[in-house]
Each structure stands twice: as C-alpha cells, then as structure tokens.
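For reference, the chains in residue letters:
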Amino acid sequence: MIASPSFYRSWRHVFKLDPDRDIDDEALGRICLSGTDAVLVGGSSGVTFDNTVELMSRIRRYEVPCAFELSDPACAVPGFDGYFIPMVLNAARKEWVIGRQADALADYGHLLPWESVAGEAYLVLNPDCTAARLTEAETELTPAQAVAYGRLADRLLRVPVLYMEYSGVFGDMALVRRVRQELRQAQLLYGGGIRTPEQAREAAQAADTVVVGNVVYDDLKAALSTVDAVKFSAKEQDHVF
Ligand code: 1GP
C-alpha cells in the first residue's frame, strides 16, 4: 500500500506560476517569500521540459513548497515536492479525462514518485479560458450537475483534489460553496480571477485552497495582498479570534 499523498493538505493559499511566462528574479523572490503555502507550477499551453526545469530551479532557491501539474509526460521534471495529475471531468473527449493519463502511465508509470502524486479532478467553468477551449469543456453546468461532478470525484473516483477552475474570471462563489458542502474527502481548490484581497477572502470562505495566478504577472502588489487576506480568513474560520 502506498500512503495517501498529503503534500497539499495544509495549503490555504497558493500562487500558480506558468513556466511559459516571464517573471523576473525580484518578483519571483517576493512571491516565494510572501508567506504563501506553496507555489504551483503549471500552464495550459507552452509548457516544456526546459522552461519547467528553469522555473523550478529558480523557485528552489527558496524554502516554499513547490508542486507541479503534470499534464504532459514530456515535461515530467523530477525534483518537485509533489505532482498533480489533472483530469478534466467536464471535457468533451475521453482524451482529457483519462486518455492522456493512461498513455503517460504506460510510458512513465514506473518512474513516478507515487507517494507524492495526487490525482486532480478539474471542473473547468470559464468557457473562454485556454483549458476550456483546449479540452472543449462543457462549462454551462447547472448547480445540480456541478454537484454531481463533485460527488463523482469525491466518492466514486475518490480523487483527493477537486479543482474548480474559472481561470481569468472570478467565479460563482455560491456554487463553489455548494459543491464543497458535498465533499467528504476531497480538498476543494478554487482558482480564477482573484485580483483583490476581498475576492481572495471570499474565495477562501468558499473553498479549502485558493489559487492565485494571472494577477502575479499584471499587478504584483495586488497579488501579494491576497496572501494575508486568505490567511486572515482561515483564522476567522478556525475561530482563532
Ligand atoms: C489558473 O486557477 C488558476 O489555473 C488561477 O486563475 O490566473 O485567473 O488567477 P487566475
């Protein structure tokens, strides 16, 4: 038996960095020293072995935990603290749900550090984001359908992470909260459109883990302000005050 992966369990706030986008050393340092719980490396296009190695080794100058979303086996860079294998539950074609993953395991399954590998079930909910276009995701879900996907991931597949992905737009927090209520074991990650401390706090109240991406590249100061907002919200929920 392999132990369940747990590298992500304590994460409340995460910055997601894209190996295909430029970030200078100073900005990267401020992200890594921000107090965030982890840096997640991943992107929907343009991710290569080389740009992943480069970004990982720069993040590795800092102590912050660093994980990778491994969606293309050609980019299987060793040395991360943890690996997520994404599956897009609402993709139109099997390829993005289990097809590519099975192909990858046929080639590299014996090499993966399984104690540090977690399945990551995505619900892609912004029709205009790259992931939705790439996977032709069926994003127009009723709340009942979203809840059904959540239950399917949590209880049938028993995937440890459900990721509600609104990349680029701030999502429907009532829906995020509703889906989270149904989860018995999976951790709910939310990502999409967080640009202010208020949005970060709201997302932290709806989801277990808040992922902040694009704003890092557009407005570093705003991105950094989301860390305390999430931590503060987590403390409020834990009744520390
Ligand atoms: C992207 O969910 C993350 O995969 C974060 O979304 O880039 O919109 O912050 P944003």
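Parameters at a glance
Residues numbered from 1 in each chain as written. Predicted model: local features only at pLDDT ≥ 70, side-chain atom pairs only at ≥ 80, totals over all residues. Heavy atoms only, no water. Helix = DSSP H or I, 4+ residues; strand = E, 2+ residues; numbered from the N terminus. Rg over C-alpha atoms; globule rule 2.2 N^0.38 Å. Buried < 20%, exposed > 50% of the residue type's maximum accessible area, 1.4 Å probe, protein only. Contact = heavy atoms within 4.5 Å. Areas by Shrake-Rupley, 256 points an atom, 1.4 Å probe, with all protein chains shown as cover. Lys, Arg positive; Asp, Glu negative; His and termini not counted. Charge placed at Lys NZ, Arg CZ, Asp CG, Glu CD. Pairing = 2+ DSSP bridges. Right-handed = clockwise from strand over helix to strand, strands pointing away. Patch = residues over 30% accessible without salt bridge, like charges linked within 9 Å, V, L, I, M, F, W, Y side chains within 5 Å. Salt bridge = Lys/Arg side-chain N within 4 Å of Asp/Glu carboxyl O. Core = buried A, V, L, I, M, F, W, Y, C linked by side-chain atoms within 4.5 Å.

Draft legend 1. The arrangement of the overall build of the chain in detail. Helix and strand content of the chain: nine helices and eight strands. Its C-alpha atoms give the chain a radius of gyration of 17 Å, near enough to 18 Å, the size a compact globule of 241 residues would have. For the chain, buried positions account for 51% of its 241 residues. The long-range share in the chain, meaning contacts at least 24 apart out of those at least 6 apart in sequence, stands at 70%. Summed over its atoms, the accessible surface of the chain is roughly 11,500 Å², and 51% of this surface lies on carbon and sulfur atoms. Computed over 24 positive and 34 negative side-chain charges, the separation of the two mean positions in the chain equals 6 Å.

Draft legend 2. Structural context of the pairing of strand β7 (residues 187-191). Among the five residues that make up β7, five are buried, leaving the element largely enclosed by the rest of the structure. Of the two faces of β7, the one holding Gln187, Leu189 and Gly191 and the one holding Leu188 and Tyr190 are both buried throughout. In this sheet, β7 lies alongside strand β6 (residues 161-165) in parallel orientation, the contact comprising five bridges. Counted as the bridge partner of Glu165 is Gly191 from β7. After leaving β6, the chain enters helix α6 (residues 173-182) and then returns to the sheet as β7, a path that is right-handed. In the classification by handedness, the crossover that spans β7, the intervening helix α7 (residues 197-206) and the parallel strand β8 (residues 209-212) is right-handed.

Draft legend 3. Local environment of a negative patch on the surface. Together, Asp20, Asp22, Asp50 and Glu54 line one region of the surface with negative charge. Here Glu54 shows up in helix α2 (residues 49-59). Residue classification places Glu54 among the partly exposed residues on the basis of a relative accessible area of 49%.

Draft legend 4. Seen up close, the environment of Leu224. With respect to the element layout, Leu224 can be found in helix α9 (residues 220-237). Judged by relative accessible area, Leu224 falls into the buried class, the value being 18%. Residues in contact with Leu224, not counting those within four places in the same chain, are Phe15, Arg30, Ile31 and Ser34.

Draft legend 5. Molecular detail of the nonpolar core. Membership of the largest hydrophobic core comes to 62 residues, with the highest contact counts inside it found for Ile59 and Val176. In terms of residue count, α9 provides more of this core than any other element does, seven residues in total. Counting residues in each nonpolar core, the second largest holds 22 residues, with Val14, Tyr122, Ala132 and Val161 among its members.

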